[in-house]
Amino acid sequence: MPDKVITSLCAKCDKLSGKMVFMVLLGITFFIRLPFFFRDYIDRDESTFILMGQSLVDGHLPYTQLWDLKPPFIYFFFGSIISLFGKSFIAIRMVGVLAVAITAFFSYRISRQFARKQVAFWTSVACVMLLSLFGSLQGLMSEHICMLFFMPAIYLLITKTGHYATLGAGLLMGLAVMTKLNMAYPALFMGCYLIYEVFRNRRQSFTPGRPFLYGTGILAIILLTLLPYYLTGRTDMWWKSVILASLEYSASRRHSVLALSPIFILVIGFLFYCWRYKKLDFNNRTVQLLILAIAGVLLSFAKGGRVNGHYLIQLHPLLIVLAGVAFSRMRVLTSWKYLPYLMILPIMLPLESYMEYYAIVKNKIDRGTFFNGEGITVPEYLITNQVDTENIIFFEYHIGYWLLGRTPPTMAATHPSNICRDEIYPFYDNPRDSSLEELSYIMHDLRPQVVVTRLDRSVFDPGEEEENLYITKYLEEHYKVLDTVDQGLIHQRLK
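Parameters at a glance
Residues numbered from 1 in each chain as written. Predicted model: local features only at pLDDT ≥ 70, side-chain atom pairs only at ≥ 80, totals over all residues. Heavy atoms only, no water. Helix = DSSP H or I, 4+ residues; strand = E, 2+ residues; numbered from the N terminus. Rg over C-alpha atoms; globule rule 2.2 N^0.38 Å. Buried < 20%, exposed > 50% of the residue type's maximum accessible area, 1.4 Å probe, protein only. Contact = heavy atoms within 4.5 Å. Areas by Shrake-Rupley, 256 points an atom, 1.4 Å probe, with all protein chains shown as cover. Lys, Arg positive; Asp, Glu negative; His and termini not counted. Charge placed at Lys NZ, Arg CZ, Asp CG, Glu CD. Disulfide = S-S within 2.5 Å. Axes fitted to C-alpha atoms, helices over the stretch in contact; angles between N-to-C directions. Parallel < 35°, antiparallel > 145°, perpendicular 65-115°, else oblique. Left-handed = near helix turned anticlockwise from the far one by under 90°. Nonpolar A, V, L, I, M, F, W, Y, C, P; charged D, E, K, R; others polar. Expected span 1.5 Å × (residues − 1). Polar contact = N/O pair within 3.5 Å; in protein donor to acceptor, adjacent residues only side chain to side chain. Pairing = 2+ DSSP bridges.

Visitor: Mind laying out the overall build of the protein chain, listing which residues take part and the relevant values?
Guide: A count of helices and strands for the protein chain gives 21 helices and four strands. The C-alpha radius of gyration computed for the protein chain amounts to 24 Å, which stays within 12% of the reference 23 Å derived for 495 residues, consistent with globular compactness. Taking the principal axes of the C-alpha coordinates as reference, the protein chain spans close to 75 × 55 × 45 Å. Taken over 495 residues, the protein chain has a buried fraction of 53%. In the protein chain, the share of contacts with a sequence separation of at least 24, taken over all contacts with a separation of at least 6, comes to 74%. Taken as a whole, the protein chain presents about 22600 Å² of accessible surface, with 62% of it coming from carbon and sulfur. Side-chain charges of the protein chain comprise 46 positive and 38 negative groups, with the mean position of each set lying 17 Å from the other.

Okay, structure coming up:
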C-alpha cells in the first residue's frame, strides 16, 4: 500500500508544469511563514532595515539621517515596500514569502538541468524549509533578498549563452552584491569562469563579449546606487559607508577559526564524498558553477570571520541543489522501505510554524489581536497611557520607533548594537570616538525621557562589559521603572 501511494506521488510530481511547481512552492512557503506575519520582529536586523527604509520614504538617503552597515539597495527595497503599502508588517512578510518561493523555484529550475523532475521538486521544497525554519529566518532578511536575485542570475549563466541573458545575469548579480556585499566573491568567481570559457571555447559559441557584458551589468547596478550620492555631492559618504566601513568591520569583528570550521568541514566533506563515490558529475557545467558559487560564499564567510545562522541563507539554495541530486543516488534513500518515512519528514519539520500558529491563536483569544511582541505592545502602552515619546531610546525592540513615528536619537543608535561598534564611527563622521562617549552623549546630553530595555537581560551583548556597567549604573541613578510590558522594561527619567 505505501509503495502505491509513493508511486502515485512521484507520478504526480513528474506531471507538474513549471507554473504549478511555483504555485505549490508559494503555497508551502505561505503556510510555513504565515503565523510569523504578526510578530513584531524576528531578527533585529529586519527592524533596522525597516527604519532605514522609512527614513528613505521620509526623504533621507541611506547613511544621511540613520546609518547601518549594509549596501544601500536593501534600504531602497524596504523603502519601496513601505512606500507602496505603508507601515504594514503583513506586506513586508508577504514579500518575504515571495522571495523565498522564487528562490526555491530557481533551485528547482537549476536542479532540472541534471536531475529528474521529482528530485528537483523535493529539492525546492527542502529549499523552502531551509530558508524559513531553524532560527530567525521567518522575517525578511537581507540574505533572502540577496538570493532572490542571485539564484536567477546563476540560472541564466547556466542555461543561457546569449548577450542579453548574460547582461541580465550581471544586473541580477549586481543587485545581489548591493544587497549583501560579501556576494562580490561568488560574483567574481562567476566572472572568472566566463573568462575561462572564452579561452577554452574561443572557436565555439562563447565570445569575449560575455564576460564584458556580465561585468557591465554588475557595474551598472553599483553605479546606480552611487548616482543619488553623486548628484547630491555625497560620493564620499557612499564610499565610506558601503565599502570602507564593511572592510573595517570584517577585519575587526572576527571569530575564532574553530568557530567557522564546522560549516567548511561539512561542505568539503560532502563534496569529497560525492566525488569519491561518483554521486555528482564534476565535469558537468552546472555542477562546476554551483561549486564555484559555494566556494565564493564560503570564502566570504572566511574573510568576514563569522557565520551567523541567517548567513547560511546564502549557502542553502546552492548546496541543496547538489545535495538533492546526490541524495537521490544513494541507495538507502531511494529504497521503497525507507521512502514512507522520508515522505513524513516535510510534514514534521515545520514545528516552529505549528507552535507559532498556536501562539497567535492564543494571543487572539487573550488580547483580541493576532499581532504580538514587545515591539508592538510597548508602543501601544506608551500611546494608551499618553507617555511623552518625543525623546525616547529603544535599547531593545527598536521597531517601536517605527510604530511611534519616531527616529533613533543618533545615527549610531539606529541598530542598538552599533553603539558598541566604535571602530566604524569614523566612516559616518560620528562626532564621538568611542561607545562610552556615545552613550554618555545620549544619556547625559540628550537625556531621553523614556528608555526601553529587556527584562532580566543585559542592555548590550555580555562581552561589552564597560558599556553594560555604564548604562546599568546610569539607569539606576537617573531613572525609575515606569512599568513592565511583557518582557519590555520601560524606564522614565527622574525629575
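Visitor: Could you give an account of the state of the cysteines, with specific residues and numbers?
Guide: With the rule as written, the count across this model stands at zero disulfides. C127 takes part in no disulfide bond, and the closest cysteine sulfur, belonging to C146, lies 13 Å away. Of the residues examined, C127 reaches a relative accessible area of 1% and is grouped as buried. Note on C274: no disulfide assigned, nearest cysteine sulfur contributed by C127 at a separation of 17 Å.

Visitor: Pulling in residues and values, what's your account of the packing of helix α9 (residues 184–200) against helix α10 (residues 209–231)?
Guide: Two numbers describe how α9 lies on α10: the axes approach to 8 Å, and their chain directions differ by 160 degrees. Of the possible angle classes, the one that applies to α9 and α10 is roughly antiparallel. Judged by the sense of rotation from one axis to the other, the crossing of α9 with α10 is left-handed. Judged by residue contacts, A187, M190, G191, L194, I195, E197 and V198 of α9 engage R210, P211, Y214 and I218 from α10. Considered class by class, the residues forming the contact of α9 with α10 number eight nonpolar, one polar and two charged.

Visitor: Tell me about helix α5 (residues 89–111), and please be specific about residues and values.
Guide: For α5, spanning 23 residues, the distance from its first C-alpha to its last is 33 Å, which sits close to the expected 33 Å at 1.5 Å a residue. For α5, a buried count of 18 out of 23 residues is recorded, marking the element as mostly surrounded by other parts of the structure. At the N-terminal boundary of α5, the capping side chain belongs to S88, with an oxygen 3.4 Å from the backbone nitrogen of I90.

Visitor: So what's going on with the sheet that holds strand β3 (residues 479–485)? Which residues, and what values?
Guide: The mixed open sheet is built from four strands, whose spatial order is β1-β2-β4-β3. Across the chains shown, the open sheet's two edge strands, defined by having one partner strand only, are β1 (392–394) and β3. Looking at each pair of strands side by side, their axes are set apart by 20 degrees on average, direction ignored. With five bridges connecting them, strand β2 (residues 450–454) and strand β4 (residues 488–493) associate as antiparallel partners. Bridge assignment links V450 to a residue of β4, and that residue is Q492. Contacting β1, β2, β3 and β4, helix α18 (residues 374–384) runs over the sheet at an angle of about 120 degrees to β3. Here helix α21 (residues 465–478) sits on the sheet and contacts β2, β3 and β4; the angle it forms with β3, its principal contact strand, is near 100 degrees.

Any link to function would need more than the numbers given here.
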